[in-house]
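Working through the structure, step by step
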Amino acid sequence: MNRFLKFIGFLFLNSLFFSCEDVIDIDVESGPPILAIDAWLTNQPINQTIKLRYSTPYFDSSKAPVGTGATVTVSDENGKVYSFVDPDQDGDYVWESNGTDSIGILDMEYTLNVIFDGETYQAKSLVKRVPPIDSIFVEFREEDLGFPEGYYAQVFAKDPVGNGDSYWIRTYKNGEFLNKPVEINLSYDGGFSAGSNIDGITFITPIREGINPFDEDENGDFLAPYAIGDHIKVEVLSITNEAFDYMNEVKIQIDRPGGIGELFASPIFNVTSNIENINGNNEDKPLGFFAVSNISIAETTVVE
Amino acid sequence: MNFRITCTFMLYFMLAWSGASELVAQENFTISGYIKDAENGETLIGATVYIKELDKGAVSNPYGFYSVNIPQGNYTVEFRYIGYQTITKNLELNQNEKIDVELAEEEETLQEVVVSAEAEDENISNVEMSVNKLEMKTIQKMPALLGEVDLIRSIQLLPGVSTVGEGASGFNVRGGGVGENLVLLDEAPVYNSSHLLGFFSVFNPDAVKDVKLYKGGIPAQFGGRTASLLDVRMKEGNNKKFAATGGIGTVFSRLTIEAPIVKNKGSFVLAGRRSYADILAKPFIQNTSFSDASLYFYDVTAKANYAFGEKDRVYLSGYFGRDVFLFDKEQGFSWGNTTATLRWNHLFNDRLFSNVTAFFSDYDYELAFGEDNDDFFRWNSRIKNYSVKPELSYYLNTNNLITFGGQATLYDFEPAETTGGSDGEQIGFRLDNKYGLEASVYLGNEQTINEKLTLQYGIRYSLFNYMGPGTAYEYETEEVGKRKTPVSSSTYDRWESIKLYGNLEPRFSAKYEIDEKSSMKLSYNRMAQYIHLISNTTASNPLDVWTPSTNNIKPQLADQVALGYFRNFKNNMYEASVELYYKDLQNQVDYIDGADLLINEFLEGDLLAGDGRAYGMELFLKKNSGKFNGWISYTLARSERQVEGINNNEWYPTRFDQLHNLSLVGFYEINERWSLSSNFYVSTGTPTTFYSNRFEFQNYAVPYTSNKGRNNVRIPTYHRLDFSVTLNGKKTNKNGKRKNEDFWVFSFYNVYGRRNPFSIYFRQEDGRIPVGDPIVTQAVRFSVFGSIIPSVSYNFKF
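Because the structure is predicted, anything quoted here is derived from the model rather than measured.

This next bit is on the overall build of chain B. Tallying secondary structure elements over chain B gives five helices and 54 strands in all. Taking 798 residues into account, the globule formula puts the C-alpha radius of gyration at 28 Å, and chain B, at 27 Å, falls close to it. The C-alpha extent of chain B, read off along each of the three principal axes, is 95 × 75 × 50 Å. Out of the 798 residues in chain B, the part that is buried amounts to 48%. In chain B, 65% of the contacts between residues at least 6 apart in sequence involve partners at least 24 apart.

Here is the structure:
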């Protein structure tokens, strides 16, 4: 939707209505630092990392303080325990893979357990199915509707039949994760949301095209997403509906429409963590999320 | 049903009470008829018929009809209307008299306007309170954005009326949401009153005759929305001669033609407007990839009326307006309103006037994306309704005007019908239509108790039947304030009732005239609203859907009390008022965090309900005449809500809460040709939510508010000055008096170029931040207008 609003703004409204935006300084009273747990694991047989950080005042962009000295484990339903350790005290707790072992057996429920500063935090995540990526299709397009000529990519994958599959599609251009808020690409049953009631289809166009970087030059004109020689890697992660909602909430907070689209901005709110304090201390709830995904990966290089 | 008993009782009660005064009277006769404009035959709404000897009077209704029933005798009858010459008739009343009068406009003179002792004192003597009327003549003189005279933007300068910002659709009345105003165009509801998002309203100023806004003390004949009623009446059309008005503005070109069908019996008016930015832009985009893009909006208003004999008149009116945004031939979106109204005025006798309205109203929008048949998406949504509304007025005597009637409206909501394809596979689906039947009956009386005290009281009973065909879901709340999940469903057949709601809506107003210069007024009303605008964005947008009350969504209810003091000065040259109001609101619709409101079968699971309250004080001072005139309006108000699951369950200000709101509007006539007008507007910044902290998650800086508050800070104060100069064309030419009139309007909007923020939002810095680098987050002020906006328009009439 925000790409759409930006597009409309670009097309007509900003120019027609003399609107303007400027960065301003404001005073906001910040709250105390809260522990944030970033625990997103995949079934790849590589090292998996869980990060413990503290929240910071909103306008403070310096490195977040780290949470050290915690005991971090992930266990499955069969009682198998995976230990995450932080020997170098940088707040990154790593489970080292031996190259074949992985976390993320399909339909298995995993439990995250973090003991930190006298509190015990817990979260659960079910591993859902992921379809294979059929292809990454790259084509050359002429200039159209404000989008310059250049190479545009689409990822083709088909949602399996059955309601309630959701995905997070992550893209890397030349090895760099496309991390702009507008590039967060989520899908529910191949479409946008649960309410649209579709199922078992090839990902719809906006999702397929959501793997293009969204870059503008200093005049606000769009840049061509890819050029010959660019490497594109796409990951489709299966996520629970709860994780879909969480990432969607994150997107609502950080992907602001901007410009005239601000007329139609949704109210902001706090994203909902799935991590509980099992000591029953409701005052001390951590931020963040725990998820275990299955992953499909495809790569290609743009050629003439 | 206890409702019937109540009504019957009310009727007896009224007749018994009101009849008492008649016992002592001798034989009575009726004077009745229509009051019209002498120049074009337009009926005049709210003109006064004054019986000097009795110091009593009546006002003409929205169809220009009046009736007074008085004892036999000799009378001096005055027919008055503001801005028109008074006609006085001497009458020996010994039989029923039918008197139609035509009033001529006062000649515009440069001499100081002589204010006669009998000037209008309507705001003192009328029982109505919390009502604002704006003359189209006044609206046309006010400085306008891009020179486009606009009804909705003009009423925003009245007390108790506000907006969340430029470009926002609609208006807010006394702390109510945009969807809580009933906007009627010739009795048919208009669901979206805006063109181009919210920049212009859909009413063509050349076709509008009368505008009246009810903010409180709403009489029994109106219902269906909790905050206000905006009653817009279109012109009937000149029934004496052909006339045309029009203009060329910065945004629209307008043309209105009107003419008699049969002189003095019937007439029509046809008015059209179209934006022409796309036509001007054509040469510039011709050879670009935008060559097929278009952005335009238009509206057509048509109306005809015809009198079949003395007792019957039929009006047929229609409105059709549309906004179209197309990026190319296939893709884009559009929305529009269509209304059609048929009205039949019938005089059963000279004291019983009836009007039956039947209307159809339709609001729809559609979106289309995709350039080929394999990958595309089309989405339609609409709300249609059909309604019949019989209304009767019985002019019992000079002391009692009894009104009764009812309304039945059938709603057909089509939330979404989509067709689409993804890589050649069809993915079309539709959400079930929802149906509702709203029915109401009412009975009211306006009773003059004595010279000082007038009452208006009545009762309305409304009923809403949410019905099949369709599926109704039951939801389960797992955590308050979070998404509810459907746990069971049942299907219903056509016309089968899913949920029935009924509400008794009492209405009461009283006026006590302290002396001839001042009065006190008091009112109470309960309003029920059965259909809800689903919108959780800052400003309402064209894609917002309406939904009926269902088994999960209860009707909104509003109880309002208002108290007012009205005083006129200097022979009514100045009128002043102070009003205090308090509103208690139930079942206000709110939304869970991250609500999915578009194309959602389980929309009801994302809605929350809460209580609301709004209270305030409105000051209004108006100078009615003289070379320099205008008004000052000041509102001190609060609008708050309490919803389980939002703001830690505590009261929070609504998005449109503004503590202070001040408007100054002035007009100055320099001479016959030049006049100036200006307005200044200042209001407290609207509330919003600011983030306080952020945390790192998956290479994103995710913000949050540490106290979980909603609308806990305010954007800076809004203020703006506008100015316009009107140059009238010469009244004469070489051959004497010119037949046609024309004038130029030069407008300057936002004269000192203030960057009023529409909102302040938070985002990460523009540009790509490499993974691992610190993410800079910042606050951004967004202003819809950042500079002065000059414009010019040319208007003509012949």
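That shown, we press on.
So, on to the overall build of chain A. Of the regular secondary structure elements, chain A holds three helices and 18 strands. Compactness check: chain A gives a C-alpha radius of gyration of 21 Å against a globular reference of 19 Å for 304 residues, within 12% of the reference. Taken over the C-alpha atoms alone, chain A extends approximately 60 × 50 × 40 Å along its principal axes. Of all 304 residues assigned to chain A, the portion counted as buried reaches 43%. Taking as baseline every contact in chain A between residues at least 6 positions apart, the subset at least 24 positions apart corresponds to 68%.

On to the sheet that holds strand 9 (residues 119-126) of chain A, then. Residues and elements named next belong to chain A. Ordered in space as 6-5-8-9-16, the five strands form an open sheet in which the pairing is antiparallel. Sheet topology places strand 6 (81-84) and strand 16 (276-277) at the edges, where each strand pairs with a single neighbour. In terms of strand pairing, strand 9 meets strand 16 through two bridges, oriented antiparallel. Counted as the bridge partner of Tyr121 is Asn277 from strand 16.

This part covers helix 3 (residues 241-254) of chain A. Over its 14 residues, helix 3 of chain A runs 20 Å from end to end, which matches the ideal 20 Å to within 8%, given 1.5 Å per residue. In terms of burial, helix 3 of chain A is a largely internal element, 11 of the 14 residues being buried. Within helix 3 of chain A the residues assigned to the buried category are Ala243, Phe244, Asp245, Tyr246, Met247, Asn248, Val250, Lys251, Ile252, Gln253 and Ile254 of chain A. Contacts made by the buried residues of helix 3 of chain A are with strand 12 (166-173), strand 14 (185-188), strand 15 (231-239) and strand 17 (287-293) of chain A together with strand 46 (700-704) and strand 52 (757-764) of chain B.

Before going further, it helps to examine the interface of chain B and chain A. With 75 residues of chain B at the contact, the number on the chain A side is 72 residues. Broken down by secondary-structure element, the contributors of at least two residues to the side of chain B that touches chain A are strand 45 (693-697), strand 46, strand 52 and strand 53 (777-783) of chain B. Of the residues belonging to the side of chain B that touches chain A, the class tally is 36 nonpolar, 25 polar and 14 charged. Summarising the sheet, strand 4 (residues 56-57) of chain A and strand 45 of chain B pair through two bridges and their orientation is antiparallel. Looking at strand 45 of chain B, one finds that Pro57 of chain A is bridged to Asn693 of chain B.

Residue and element names in this part refer to chain B. Domain assignment breaks chain B into domain 1 (2-108) and domain 2 (131-759 + 784-797). Centre-to-centre, using C-alpha coordinates, domain 1 lies 32 Å away from domain 2. The interface of domain 1 with domain 2 comprises 30 residues on the first partner and 32 residues on the second. At the level of elements, helix 1 (2-20), strand 1 (28-37) and strand 4 (65-71) are the ones that each hand at least two residues to the side of domain 1 that touches domain 2. In terms of residue count, helix 1 provides more of the side of domain 1 that touches domain 2 than any other element does, seven residues in total.

Judged by nonpolar contacts, the single largest core of 175 residues is most densely connected at Ile37, Ile169, Met247 and Phe290 of chain A together with Leu184, Trp546 and Val702 of chain B. Contact partners of Ile169 of chain A, with chain neighbours within four places excluded, come to Val155, Asn185, Ser187, Ile207, Gly210, Ile211, Val234 and Val236 of chain A. Among the nonpolar cores identified, the runner-up in size contains 19 residues, and Leu44, Ala47, Ile70 and Phe79 of chain B belong to it.

For Val271 of chain A, the location among the structural elements is in the loop between helix 3 and strand 16. In this structure Val271 of chain A comes out as buried when scored by C-beta crowding, with 25 C-beta atoms within 10 Å. The spacing of Val271 of chain A and Asn163 of chain A is 108 residues in sequence and 24 Å in space, taken between C-alpha atoms. Filtering out sequence-adjacent residues up to four positions away, Val271 of chain A remains in contact with Tyr246, Glu249, Val250 and Gln253 of chain A together with Val702 and Tyr704 of chain B.

The next thing to look at is the sheet that holds strand 52 of chain B. Across the sheet, three strands lie side by side as 1(A)-53(B)-52(B); this open sheet has antiparallel pairing. Because the sheet does not close on itself, it has two edges, and the strands there are strand 1 (20-24) of chain A together with strand 52 of chain B. Direction aside, neighbouring strands of the sheet carry axes that sit 30° apart on average. The sheet contact formed by strand 1 of chain A and strand 53 of chain B spans five bridges and is antiparallel. Each residue of the ladder has a partner; that of Asp22 of chain A, found in strand 53 of chain B, is Arg781 of chain B.

Residues and elements named next belong to chain B. In terms of burial, strand 4 is a largely internal element, six of the seven residues being buried. For strand 1 and strand 4, the ladder comprises seven bridges, and the chain directions are antiparallel. Across the sheet, the residue bridging to Gly33 is Tyr66, located in strand 4.

For the rest of this paragraph, the subject is the domain arrangement of chain A. Residues and elements named next belong to chain A. Its domain assignment divides chain A into domain 1 (35-128 + 273-293) and domain 2 (129-270 + 295-301). Computed over C-alpha atoms only, the centres of domain 1 and domain 2 are separated by 26 Å. Those elements that provide at least two residues to the side of domain 1 that touches domain 2 are strand 9 and strand 17. In terms of residues, the side of domain 1 that touches domain 2 owes the most to one element, strand 17, which gives three residues. Split by residue class, the side of domain 1 that touches domain 2 holds four nonpolar, six polar and one charged.

Right, let's get into the environment of Glu42 of chain B. All names here are of chain B. Position of Glu42 among the secondary structure elements: in the loop between strand 1 and strand 2 (48-51). On the neighbour-count criterion, Glu42 (22 C-beta atoms within 10 Å) is buried. In the structure, Glu42 is positioned 461 residues away from Asn503 in sequence and 38 Å away in space, judged by C-alpha atoms. Setting aside its immediate chain neighbours within four residues, Glu42 contacts Lys36, Asp37, Lys209, Lys235 and Glu236.

Residue and element names in this part refer to chain B. Residue Pro469 is bonded to the preceding Gly468 through a cis peptide linkage, with omega at 5°. Unlike most non-glycine residues, Ser130 shows phi in positive territory, near 55°. Positionally, Ser130 belongs in the loop between helix 2 (122-125) and strand 9 (131-134). In this structure Ser130 comes out as buried when scored by C-beta crowding, with 26 C-beta atoms within 10 Å.

Next up on the list: the confidence of the model for chain B. All names here are of chain B. Chain-level statistics for chain B give a pLDDT mean of 88 and a share of 94% at 70 or above. Residue range residues 18-25 is modelled with pLDDT below 50. Its contacts to residues more than four positions away, or to other chains, number eight contacts. Among the scores for the predicted complex, ipTM is 0.94 and pTM is 0.89.

The next thing to look at is the environment of Ile254 of chain A. By secondary structure assignment, the location of Ile254 of chain A is in helix 3. By C-beta crowding, Ile254 of chain A is classed as buried, having 23 other C-beta atoms within 10 Å. Distance from Ile254 of chain A to Val182 of chain A, taken between C-alpha atoms, is 8.3 Å for residues 72 residues apart in sequence. Discounting chain neighbours no more than four positions away, the residues touching Ile254 of chain A are Pro181 of chain A together with Tyr700, Val702, Pro703 and Gln764 of chain B.

Definitions and cut-offs
- Residues numbered from 1 in each chain as written.
- Chains lettered and ligands numbered in written order.
- Predicted model: local features only at pLDDT ≥ 70, side-chain atom pairs only at ≥ 80, totals over all residues.
- Helix = DSSP H or I, 4+ residues; strand = E, 2+ residues; numbered from the N terminus.
- Rg over C-alpha atoms; globule rule 2.2 N^0.38 Å.
- Buried ≥ 20, exposed ≤ 12 C-beta atoms within 10 Å, placed from the backbone.
- Contact = placed C-beta atoms within 7 Å.
- Pairing = 2+ DSSP bridges.
- Expected span 1.5 Å × (residues − 1).
- Nonpolar A, V, L, I, M, F, W, Y, C, P; charged D, E, K, R; others polar.
- Domains from an automatic or database assignment.
- Core = buried A, V, L, I, M, F, W, Y, C linked by C-beta atoms within 7 Å.
- Axes fitted to C-alpha atoms, helices over the stretch in contact; angles between N-to-C directions.
- pLDDT = per-residue confidence, 0-100.

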